[in-house]
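Each chain, letter by letter, is given below.
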Amino acid sequence: FFEKKLISFLFCLNYTADIISTVEFNHSGELLATGDKGGRVVIFQQEQENKIQSHSRGEYNVYSTFQSHEPEFDYLKSLEIEEKINKIRWLPQKNAAQFLLSTNDKTIKLWKISERDKRPEGYNLKEEDGRYRDPTTVTTLRVPVFRPMDLMVEASPRRIFANAHTYHINSISINSDYETYLSADDLRINLWHLEITDRSFNIVDIKPANMEELTEVITAAEFHPNSCNTFVYSSSKGTIRLCDMRASALCDRHSKLFEEPEDPSNRSFFSEIISSISDVKFSHSGRYMMTRDYLSVKIWDLNMENRPVETYQVHEYLRSKLCSLYENDCIFDKFECCWNGSDSVVMTGSYNNFFRMFDRNTKRDITLEASRENNKPRTVLKPRKVCASGKRKKDEISVDSLDFNKKILHTAWHPKENIIAVATTNNLYIFQDKVN
Amino acid sequence: MEFKLEAHRIVSISLGKIYNSRVQRGGIKLHKNLLVSLVLRSARQVYLSDPCPGLYLAGPAGIPAPPPQQQPGEPAAGPPAGWGEPPPPVARASWPETEPQPERPSVSHAPRVGDEVPVTTVTGVGDVLQGGEADATEAAWSRVERPRQAAAGEAEGPAGGWGVFPEGSLAARRPCGCPLGGEDPPGTPAATPRTACCCAPRPAEDEPPAPPAVCPRKRGAAGVGGGPAGCPAPGSTPLKKPRRNLEQPPSGGEDDDAEEMETGNVANLISIFGSSFSGLLRKSPGGGREEEEGEESGPEAAEPGQICCDKPVLRDMNPWSTAIVAF
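The rules behind each value
Residues numbered from 1 in each chain as written. Chains lettered and ligands numbered in written order. Predicted model: local features only at pLDDT ≥ 70, side-chain atom pairs only at ≥ 80, totals over all residues. Heavy atoms only, no water. UniProt positions renumbered as here; feature names shortened; annotations may be inferred. Helix = DSSP H or I, 4+ residues; strand = E, 2+ residues; numbered from the N terminus. Buried < 20%, exposed > 50% of the residue type's maximum accessible area, 1.4 Å probe, protein only. Contact = heavy atoms within 4.5 Å. Areas by Shrake-Rupley, 256 points an atom, 1.4 Å probe, with all protein chains shown as cover. Core = buried A, V, L, I, M, F, W, Y, C linked by side-chain atoms within 4.5 Å. Expected span 1.5 Å × (residues − 1). pLDDT = per-residue confidence, 0-100. Pairing = 2+ DSSP bridges. Axes fitted to C-alpha atoms, helices over the stretch in contact; angles between N-to-C directions. 1 Å grid on protein atoms, 1.4 Å probe; cavity = no way out; pocket = protein on both sides within 12 Å on 5 of 7 lines; lining within 4 Å. Points joined across faces, edges and corners; volume = space filled by probe spheres on them. Nonpolar A, V, L, I, M, F, W, Y, C, P; charged D, E, K, R; others polar. Phe/Tyr/Trp six-rings, centres within 6.5 Å; stacked < 30°, edge-to-face > 60°. Disulfide = S-S within 2.5 Å.

Chain B is annotated in an unreviewed UniProt entry as Immediate early response 5 from Papio anubis. One UniProt comment on chain B, placed under Sequence similarities (unreviewed entry), says "Belongs to the IER family."

Looking at an unreviewed UniProt entry, one finds chain A named Serine/threonine-protein phosphatase 2A 55 kDa regulatory subunit B, with Papio anubis as its source organism. Its UniProt record gives chain A a comment under Sequence similarities (unreviewed entry), which states: "Belongs to the phosphatase 2A regulatory subunit B family."

As structure tokens, this is what we get:
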């Protein structure tokens with residue numbers, strides 16, 4: 001894969017005033033949705049390929065923007081509910097409209113995004129502007145017809161799933177049955193039916209009877225891509241539990257527990273923090289799952305629970321800086337990870353606007369940077385290298401000069417092609433490899 | 001030794017984070033606070049398990065620290081900044097002046113002389129303390145809560161005095177090197193483990209931690225320098241000297257009372273915090289109960305902003321809340 005590299009990049013700079021909080025391609029890859037801290041969703045659409053220009057695929061342009069969530073106030077608890085969009089998940093397309101789920105800390109919404117490119121004209125009883133005509137002035141009849149109009153993309157909330165979570169929602173995942181989905185907060189996972197908003201089933205509850213005994217929280221959850229009865233959830237302790245909904249109504253007892261014993265030589269004050277899993281993603285095949293903790297990415301074979309089959313160090317040079325990272329809160333950053341369409345490459349973000357890719361077959365890895373200064377459209381992305389210690393070579397960057405305010409937490413990979421979306425704090429970058 | 005310094009520093013930072021999490025928009029983040037409490041526990045364990053006889057540093061909140069290695073610039077920040085105004089920078093330099101004359105705390109908690117913090121604060125807690133372990137626990141809890149209620153500003157920022165906090169090693173150790181748990185109330189026989197230089201990890205003990213635990217806190221709130229880590233009471237200057245209200249020098253604490261006090265305070269604070277939040281710690285006598293509940297059950301009971309409100313302990317916090325509110 002890295003032979004091709006990312007040799008041309010199209011970038012789409014999205015100057016959101018707010019911080020981008022989630023990025024997700026739809027099932028075809030034609031649409032890319034981003035959510036931000038201000039509760040807004042911006043959807044980009046890939047231009048239909050211009051077959052003449054064979055060396056590039058379509059660019060992504062803004063397709064629709066809408067306000068998904070507003071800040072709310074829970075009067076009972078005197079608590080403000082942030083409007084930040086934590087996750088967006090697309091439903092597979094069933095008709096002309098597109099549907100996605102977006103969630104903030106407390107409420108999940110199903111949005112319908114539909115196009116309108118024609119409008120009816122020629123009503124008998126209405127003027128074109130909508131005013132009603134006096135029936136007595138109608139002397140002839142005509143049949144209204146559809147006439148083309150400028151494309152209008154409308155987003156409307158079709159379902160609102162609220163009041164089911166006491167704690168902050170961190171994940172939503174649509175089942176492969178395309179009828180149900182799960183939502184997970186720190187302590188509970190609920191199962192919903194997409195059509196039913198007034199009810200959800202609690203399928204995991206790890207809240208202890210005595211909160212003083214709380215030792216771990218749920219950090220992410222996802223349905224298996226093929227088995228509609230299987231899902232996993234990760235914890236702050238670095239474990240992943242796989243549950244089978246057929247086993248019982250309440251899946252508190254896991255079917256499988258994935259955990260790697262800690263390396264005692266790496267023990268520090270912050271061992272527990274850095275082992276907390278920030279993201280879990282099944283491979284497209286459903287055979288593997290990937291987890292992201294603070295310093296590494298691990299690939300697990302669902303058939304082996306006692307250790308991952310592959311481990312990739314994202315930025316091991318940070319291990320000696322954990323105390324500083326704790327002070328400035330960076331150690332709590334929740335990085336996401338993603339698979340490419342063929343499950344051969346995984347990608348995740350880092351600091352200094354770097355992001356990393358690991359080729360599982362060749363075991364090669366690459367560090368790239370998402371920044372405007374260093375990249376012009378259609379130029380090859382230059383690999384970066386961080387110098388952990390000692391002499392810094394030319395073009396290397398020393399650990400101490402990394403900018404920890406520039407972090408890439410959210411990345412997404414097109415389901416079919418080598419197009420990636422990388423979100424820095426305020427900007428969205430889209431890269432693709434050259435089609436030769 | 002470095003471990004203790006580091007541990008102390010980490011404790012300070014952690015407390016600051018917990019404190020500031022109270023004012024975060026969207027409510028307290030359970031996950032983050034759980035992680036912070038884990039760090040707190042680790043740091044505390046290191047603190048406890050690494051005896052360094054004769055080693056002590058200036059405590060937080062400006063407790064003077066005789067130890068020569070104490071840099072003048074060491075932040076004197078006591079408990080989480082949020083407790084009150086940021087300890088004035090002068091605090092740092094003024095450690096020598098702030099040398100608290102160790103006073104045997106009387107359970108009645110005579111108002112600390114010179115405390116700028118409303119005396120009621122102290123007495124309030126004192127009353128609580130009198131109540132026995134449970135009360136003391138509550139009081140301790142209230143102290144824990146203080147930072148939360150007085151939440152303000154960013155942890156890293158100088159606001160609320162936290163700024164001092166993370167920056168330096170506010171190590172306050174017991175002279176005997178048993179930082180935590182040495183806070184036995186004077187004359188408290190029960191604190192056997194304590195007397196044993198409290199080097200043993202708290203968990204093993206079942207002592208009545210509450211009173212002693214509370215004590216340092218209170219002092220901190222009273223604005224006395226050297227109060228339990230993170231308790232610069234609003235309006236207080238580091239010049240205050242902590243009252244050793246229920247504090248008993250740890251066995252082997254033949255050192256300055258002041259120092260012991262400081263370390264005791266810090267130790268108490270650490271033990272209090274450490275035993276709470278995560279629930280991972282065995283219920284420390286220091287009142288693990290309330291704290292954890294406060295922290296974890298917060299979202300459940302009444303969302304972060306109101307965690308404490310559900311607790312009976314809160315009723316006893318009024319004097320403290322004055323201080324906090326003042327912040």
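Let us look at the overall build of chain B. Secondary structure assignment for chain B yields 12 helices and 0 strands. Mapped in sequence order, the helices and strands of chain B form the string α-α-α-α-α-α-α-α-α-α-α-α. For chain B, with 327 residues in total, the buried portion stands at 69%. Long-range pairs, those at least 24 residues apart, make up 76% of the contacts in chain B between residues at least 6 apart in sequence. Accessible area for chain B stands at about 8,500 Å²; split by element, carbon and sulfur atoms hold 58% of it.

Turning to the nonpolar core, a few remarks are in order. Core analysis: the biggest nonpolar cluster contains 37 residues, and A:Phe270, A:Tyr294, A:Leu318, A:Tyr326 and A:Ile331 have the highest contact counts within it. For this core, the elements supplying multiple residues, two or more each, are helix H1 (271-275) and helix H2 (322-327) of chain A together with helix H1 (2-21) and helix H2 (30-49) of chain B. At 7 residues, the largest contribution of residues to this core is made by H2(B). Sequence-distant contacts of A:Tyr294, defined by excluding residues within four places in its chain, comprise A:Ile274, A:Ser276, A:His315, A:Leu318, A:Leu322, A:Leu325, A:Cys330, A:Ile331, A:Asp333, A:Phe335 and A:Tyr351. By size, the runner-up hydrophobic cluster in this structure holds 15 residues, among which are A:Cys338, A:Phe355, A:Leu368 and A:Phe431.

The subject of this paragraph is H1(B). In this model H1(B) runs 28 Å from its N-terminal to its C-terminal C-alpha over 20 residues, within 8% of the 28 Å that 1.5 Å per residue would give. Here H1(B) lies mainly inside the structure; 16 of its 20 residues are buried.

All names here are of chain A. Relative to the helices and strands, Leu242 resides in strand S17 (residues 240-244). C-alpha separation for the pair Leu242 and Phe258, spaced 16 residues apart in sequence, amounts to 8.0 Å. Setting aside residues up to four positions removed in sequence, Leu242 forms contacts with Thr230, Phe231, Val232, His254, Ser255, Lys256, Phe258 and Leu302.

Residue and element names in this part refer to chain B. On average, residues of chain B score 47 in pLDDT, and 15% of them are at 70 or above. Taking the mean pLDDT of every element in chain B, the minimum, 36, falls on helix H12 (residues 318-326) and the maximum, 88, on H2. Model confidence for the complex is summarised by a pTM of 0.66, with the ipTM given as 0.89.

All names here are of chain A. Reading across from one edge, S15-S16-S17-S18 is the order of the 4 strands in this open sheet, with antiparallel pairing throughout. Of all the strands in the sheet, just strand S15 (218-223) and strand S18 (256-258) have a single pairing partner and so form its edges. Mean inter-strand twist for the sheet, computed between neighbouring axes without regard to direction, equals 20°.

So, about empty space enclosed by the protein. Residue and element names in this part refer to chain A. Applying the stated criterion across every chain yields a total of 3 cavities of 30 Å³ or more. The volume enclosed by the largest cavity comes to roughly 80 Å³. Lys87, Arg89, Asn170, Ser171, Ile172, Ser173, Ala220, Ala221, Glu222, Ser278, Asp279 and Val280 are the residues that line the largest cavity. Broken down by secondary-structure element, the contributors of at least two residues to the lining of the largest cavity are strand S7 (87-90), strand S11 (171-174), S15 and strand S19 (279-282). For the lining of the largest cavity, the residue count by class is 4 nonpolar, 4 polar and 4 charged.

Turning next to the packing of aromatic side chains. All names here are of chain A. Counted under the stated rule, the structure contains 18 aromatic pairs over all chains. Ring plane angle 25° and centroid distance 5.0 Å describe the contact between Tyr312 and Phe358, whose orientation is recorded as stacked. With Tyr312 in strand S22 (residues 310-313) and Phe358 in strand S25 (residues 354-359), this residue pair connects regions lying 46 residues apart in the sequence. Given the relative accessible area of 7%, Tyr312 is considered buried. Of the residues examined, Phe358 reaches a relative accessible area of 2% and is grouped as buried.

Residues and elements named next belong to chain A. Under the criterion given, the structure shown has 0 disulfides over all chains. This cysteine, Cys251, is not joined by any disulfide, and Cys243 carries the nearest cysteine sulfur, 5.3 Å off. Since its relative accessible area comes to 1%, Cys251 is described here as buried.

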